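Tertiary structure, described
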Amino acid sequence: MFLFMSVLFGIQGLCSWATSPPHIIVPSTLLSPTCDDNAVEEAADLALRQINADRREGYILRLYRIFSVREHPQEMNGSIFYLILDVADTECHVLSKKLWKNCRARPAHATVYGQCKAIIYINQSRKIAHLNAYECVLQPVPRRYIWAVCPDCPVDDCPTEPKYLEAAVQSLGKFNGESEQTHYFSVLNVTRASMQWVIGPAYFVEFVIQETSCSKSDSIADISKCKPLSSELAKMGFCKGSVVNSDLEDKRSVTVSCEIYSPQDPVTEEENQQTNQQPGESSQNQQLASPSETNPFSLHLQKTVGWVKILPPSTEDISPHNLPESQNEHKNRKTVLATAVGSTSSLPAPDGEKTQEDKPDLTKPVTAPIILPFPEELSLSESCPGEAKEINSILHALLTRKPANV
């Protein structure tokens, strides 16, 4: 009888151990993985994609190199990555929602460059990649670098000057007259502008446009009088135009090219890739899904917070790495990485939510990721900063080993 009871309690103990996995203690120390590690490369790619997706103005940023990374392992095979990324802008506006790898890099002398600090949670088993917070500080390449490699190249000017708005209006007039759109568009804002003397003053502009309530079937003398449609209904667009005046022949040449985006949030190239992926295909190059309400774990993840600051052009040899503290303060913005921005509190699940019984280990709510203040100490790995993704002598000279203070 004693032997029978011993065996019975032993079986119960084994069953209890099998159904209740031991609690995993999250280490408090931060790791310093190599900057060329595949997991780090993926984390940097995902962080930059989500930074670009979170923004509503400006240009899509591309990765120049991974400057530093710290990793904090979490429960259930997850990790928090604290990244410092050297970045540069592209020719794609964020409205396009294109992947940064599919956007054309600007010429070196026309680049806006800088650094982004990002905190991203990645859990491979749950297919979650959630950008918690980010801060980016950017600035145009100093003019002396531009003139050193391209003395005749136009340099970026203040896009809000009236002459550039007029150039944008003239360029848009050409688009409105030639496009097959049903409504006229108006200039929302000029995002980039420069001037150069060719056979007369030449103006180059990039600008955002918005659909108006005026139909192209009507004769409109002054499009500026047309009211823009609401943001929920209006198509948006991004244009590049030029107006070249000839002092010799008293002529004007106008060019324009525009991309038009639907009023709904456009499907990103990434989402198209995931939709078109057939079952059984390799998912090595497929981005992890962002958290959604269908996954109970997403309830522990707060909304992404962050900002991008663009410093004015400078005639001095200044990079974001050696700015005085007073210049790093962003007006009306609080530092989002100075303190822990994650929450470890448990939130109730939505009414009616059901978990999948076939994968209980991936659907039951678990402890929220532990998000620490952004570490002051850089990566201890000798591989950091990592290799640059491109050969760019100007950016290489500007992006030093000293970290940016954002």
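Whatever comes next refers back to the structure up there.
Note that the structure is predicted; figures quoted are calculated from it, not measured.

1. Notes on the overall build of the protein
- Scanning the protein from N- to C-terminus turns up eight helices and nine strands.
- Looking at the 406 residues of the protein, the share that counts as buried comes to 44%.
- Only carbon and sulfur atoms are counted for the fraction: they give 54% of the accessible area of the protein, which is about 22,400 Å².

2. What to know about the sheet that holds strand S2 (residues 78-93)
- Taken in spatial order, the five strands line up as S1-S2-S3-S4-S9 in an open sheet, and their pairing is mixed. Strands with a single pairing partner mark the edges of an open sheet, and in this sheet they are strand S1 (59-73) and strand S9 (305-310). Direction aside, the axes of adjacent strands within the sheet are offset by 20° on average.
- Sheet topology note: the S1/S2 ladder contains twelve bridges and is antiparallel. Residue pairing for S2: Val69 is matched across the bridge by Leu83.

3. Observations concerning the environment of Asn245
- For Asn245, the location among the structural elements is in strand S7 (residues 236-246).
- A C-alpha to C-alpha distance of 8.6 Å links Asn245 and Tyr203, two positions 42 residues apart in sequence.
- Among all residues touching Asn245, those that are not within four sequence positions of it are Ile199, Gly200, Pro201, Tyr203, Lys251 and Arg252.

4. Brief notes about helix H2 (residues 38-54)
- Its 17 residues give H2 an end-to-end C-alpha distance of 24 Å, which sits within 8% of 24 Å, the value for a rise of 1.5 Å per residue.
- If you check which residues of H2 are buried, you get Val40, Ala43, Ala44, Asp45, Leu46, Ala47, Leu48, Arg49, Gln50, Ile51 and Asn52.
- By the N-cap criterion, in which a side-chain oxygen at the helix start approaches the backbone nitrogen of a residue two or three places on, H2 is capped by Asp37, the distance to Ala39 being 2.9 Å.

5. Comments concerning the sheet that holds strand S5 (residues 183-197)
- Spatial strand order, S5-S6-S7-S8: four strands in an open sheet with antiparallel pairing. Of all the strands in the sheet, the pair left with one neighbour each is S5 and strand S8 (251-261). If you compare each strand with its neighbour and ignore which way they point, the axes differ by 20° on average.
- Pairing of strand S6 (residues 201-215) with S7, which is carried by nine bridges, proceeds in the antiparallel orientation. Among the inter-strand pairings, Val208 is bridged to a residue of S7, identified as Phe238.
- Contacting S5, S6, S7 and S8, helix H4 (residues 162-178) crosses the sheet at an angle of about 130° to S5.

6. Digging into the pairing of S5
- Strand direction decides the pairing type here: S5 and S6, joined by twelve bridges, are antiparallel. What sits directly across from His183, in S6, is Ser215.

7. Some details on unusual backbone geometry
- Of note, the bond from Cys384 into Pro385 is cis; its omega dihedral lies within 30 degrees of zero at -5°.
- Structurally, Pro385 is set in the loop between helix H7 (360-363) and helix H8 (393-398).
- Here Asn77, not a glycine, exhibits a phi torsion of approximately 65°, which is positive.
- Mapped onto the secondary structure, Asn77 falls in the loop between S1 and S2.
- For Asn77, a relative accessible area of 64% translates into the label exposed.

8. Structural notes on the pattern of salt bridges
- This structure, assessed with the given rule, holds 14 salt bridges.
- Notably, a salt bridge pairs Lys163 with Glu161, separated by 3.6 Å at the nearest N-O pair.
- The class for Glu161 is partly exposed, based on a relative accessible area of 28%.
- A salt bridge links Glu178 to Lys174, with the nearest nitrogen and oxygen atoms 3.1 Å apart. Pair noted here: Glu178 and Lys174 are both in helix H4, with a separation of four residues, about one helical turn.
- Under the relative-accessibility criterion, Glu178 is labelled exposed at 56%.
- Among the charged side chains, a network of salt bridges with common partners joins Asp89, Arg106, Asp156, Arg192 and Glu206.

9. Considering the nonpolar core
- Counting residues in each nonpolar core, the largest one holds 32 residues, and the members touching the most others are Phe81, Leu83 and Ile120.
- Listed by contribution, the elements that provide at least two residues to this core are H2, S1, S2, strand S3 (112-123) and strand S4 (128-140).
- The biggest single contributor to this core is H2, with seven residues.
- When sequence neighbours within four positions are dropped, the list of residues in contact with Leu83 reads Val40, Ala43, Ala44, Ala47, Ser68, Val69, Cys116, Lys117, Ala118, Ile120 and Phe374.
- In this structure, Leu172, Ala193, Tyr203 and Phe207 belong to the second largest nonpolar core, which totals 14 residues.

10. Considerations on the side chain of Glu211
- Following the sequence through the fold, Glu211 ends up in strand S6.
- Buried within the structure, Glu211 lacks any salt-bridge partner; Lys235 is the closest side chain of opposite charge, at an N-O distance of 5.3 Å.
- If we skip the residues at most four places from it in the chain, Glu211 touches Thr182, His183, Tyr184, Phe185, Pro228, Leu229, Leu233, Ala234 and Lys235.

11. Here we look at the state of the cysteines
- Summed over the entire model, instances satisfying the criterion amount to six disulfides.
- The disulfide partner of Cys214 is Cys226, and the S-S distance across this bridge is 2.1 Å. Classification of the bridge connecting Cys214 and Cys226 rests on its S-S torsion, roughly -105°, and on that basis the disulfide is left-handed. With Cys214 in strand S6 and Cys226 in the loop between S6 and S7, the pair connects residues that are twelve residues apart, well separated along the chain. Both residues of the pair, Cys214 and Cys226, count as buried.
- Along the protein, the cysteines that take part in disulfide bonds pair up as 1-12, 2-3, 4-5, 6-7, 8-9, 10-11, counted in sequence order.

How each quantity is defined
- Residues numbered from 1 in each chain as written.
- Predicted model: local features only at pLDDT ≥ 70, side-chain atom pairs only at ≥ 80, totals over all residues.
- Heavy atoms only, no water.
- Helix = DSSP H or I, 4+ residues; strand = E, 2+ residues; numbered from the N terminus.
- Buried < 20%, exposed > 50% of the residue type's maximum accessible area, 1.4 Å probe, protein only.
- Areas by Shrake-Rupley, 256 points an atom, 1.4 Å probe, with all protein chains shown as cover.
- Pairing = 2+ DSSP bridges.
- Axes fitted to C-alpha atoms, helices over the stretch in contact; angles between N-to-C directions.
- Contact = heavy atoms within 4.5 Å.
- Expected span 1.5 Å × (residues − 1).
- Polar contact = N/O pair within 3.5 Å; in protein donor to acceptor, adjacent residues only side chain to side chain.
- Salt bridge = Lys/Arg side-chain N within 4 Å of Asp/Glu carboxyl O.
- Core = buried A, V, L, I, M, F, W, Y, C linked by side-chain atoms within 4.5 Å.
- Lys, Arg positive; Asp, Glu negative; His and termini not counted.
- Disulfide = S-S within 2.5 Å.

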